Amino acid sequence: MPGADTLAEYRRKRDFRKTREPSGEGGPGAGGEPAFVVQIHDASTMHFDFRLEVDGVLKSWSIPKGPSGDPHDKRLAVPTEDHPLGYRDFEGTIAEGEYGAGTVIIWDEGRYRNRSTDKRGHEVPFAEALAHGHASFRLDGHKLHGDWALTRFREGDGQREAWLLVRRGHSSRGAATTDPRRARSARSGRTLKQVAAEEGDG
């Protein structure tokens, strides 16, 4: 279970009387392999949010161009605050004036397996691998399948911390990044435009 302050920044940024985003109250996940979710967020700038379940929270990165199935593509991934596990189910609009105002859809979701190892080939716990700045994992989602890696290339000292998300192994055709405005939710089949229209656009 996460510590008491793990989600403090997440909660500080949001007024839960005005947003339908989960507050983070509640228990742990369902067990088994940890979950991942990729959400498209049409906020002040369009981006993809990549989230991995780690130690009772969703570790989160903002990826402007979204994941690519081409191993030659190195996608910038900027860390954001930890999100509660319940956020993996969030699809809808965030009200105008609230942090991250705009529409969110669940582009992909599924489970992942830790593939992080040390130089001797022994498995490294996923949270530890992230702390050291390099984590490998295998995604099993509706759209994203196969091995990936997150690598930190810039520390947060005086600058914003930055990582790269890269597909490992062979290119996967089905995982090519889609046009976010034409993309459909893996959960509901709706586009951003349809979600915004159905929910009153905030």
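Residues numbered from 1 in each chain as written. Predicted model: local features only at pLDDT ≥ 70, side-chain atom pairs only at ≥ 80, totals over all residues. Heavy atoms only, no water.

Colleague: I would appreciate a short explanation of the side chain of Glu 81 in the present structure.
Modeller: Mapping Glu 81 onto the fold places it in strand β4 (residues 75–83). Among all residues touching Glu 81, those that are not within four sequence positions of it are Glu 9, Tyr 10, Lys 13, Arg 14, Ser 60 and Tyr 99. (Helix = DSSP H or I, 4+ residues; strand = E, 2+ residues; numbered from the N terminus. Contact = heavy atoms within 4.5 Å.)

Colleague: Please explain the side chain of Thr 191 as it appears in this structure.
Modeller: Along the chain, the position of Thr 191 falls in the loop between β9 (162–167) and α3 (192–198). A relative accessible area of 9% means that Thr 191 is categorised as buried. The contacts of Thr 191, once residues within four sequence positions are left out, are Ile 105, Arg 181, Arg 182, Ala 183 and Arg 184. (Buried < 20%, exposed > 50% of the residue type's maximum accessible area, 1.4 Å probe, protein only.)

Colleague: I tried to follow the layout of surface pockets on my own but got confused; where do I start?
Modeller: Rolled over the atoms, a probe as big as a water molecule pinpoints where empty space is left. In this model, the largest pocket occupies a volume close to 420 Å³. Every element with two or more residues in the lining of the largest pocket is listed here: β1 (35–42), β2 (46–54) and β4. (1 Å grid on protein atoms, 1.4 Å probe; cavity = no way out; pocket = protein on both sides within 12 Å on 5 of 7 lines; lining within 4 Å. Points joined across faces, edges and corners; volume = space filled by probe spheres on them.)

Colleague: Looking at this structure, how should I read the environment of Thr 93?
Modeller: When you line up the elements, Thr 93 lands in strand β5 (residues 92–94). Linking Thr 93 and His 41, residues 52 residues apart in sequence, is a C-alpha distance of 9.3 Å.

Colleague: Looking at this model, I keep getting lost on unusual backbone geometry. Mind explaining?
Modeller: One non-glycine residue, Asp 55, adopts positive backbone phi at about 50°. Looking at the element boundaries, Asp 55 is found in the loop between β2 and β3 (57–63). Accessibility expressed as a relative area gives 58% for Asp 55, which makes it exposed.

Colleague: What should I look at first to understand the packing of aromatic side chains in this one?
Modeller: Describing an aromatic ring pair means giving the distance of the ring centres and the angle of the ring planes. For the coordinates displayed, the defined rule picks out 10 aromatic pairs. The interplanar angle of 45° and the centroid separation of 5.2 Å between the aromatic rings of Tyr 87 and Phe 90 together place this pair among those described as tilted. As far as burial versus exposure is concerned, Tyr 87 and Phe 90 are alike and both buried. Chaining the aromatic ring pairs together yields one cluster made of Phe 50, Trp 61, Tyr 112, Phe 126, Phe 137 and Trp 163. (Phe/Tyr/Trp six-rings, centres within 6.5 Å; stacked < 30°, edge-to-face > 60°.)

Colleague: Before we go on, may I ask you to explain the pattern of salt bridges in this structure?
Modeller: If charged atoms from side chains of opposite charge come close, those side chains can pair. Summed over all chains, the structure comprises 18 salt bridges. Between Glu 91 and Arg 190 there is a salt bridge, with the nearest N and O atoms lying 3.3 Å from each other. In this pair, Glu 91 is assigned in the loop between β4 and β5 and Arg 190 in the loop between β9 and α3, connecting sequence segments 99 residues apart. Judged on exposure class, the residue Glu 91 and its partner Arg 190 are both buried. Notably, a salt bridge pairs Asp 147 with Arg 138, separated by 3.4 Å at the nearest N-O pair. Through salt bridges with shared partners, a single ionic network connects Glu 9, Lys 13, Arg 14, Glu 21 and Glu 81. (Salt bridge = Lys/Arg side-chain N within 4 Å of Asp/Glu carboxyl O.)

Colleague: I tried to follow the pairing of β1 on my own but got confused; where do I start?
Modeller: Along any regular strand the residues' side chains alternate between the sheet's two faces. Counting buried positions along β1 gives seven out of eight residues, so the element sits mostly inside the fold. Pairing of β1 with strand β6 (residues 102–114) involves eight bridges; the strand directions are antiparallel. The residue bridging His 41 from the neighbouring strand is Val 104, located in β6. As paired elements, β1 and β2 share seven bridges and run antiparallel to each other. The partner of Ile 40 across the bridge, within β2, is Phe 48. (Pairing = 2+ DSSP bridges.)

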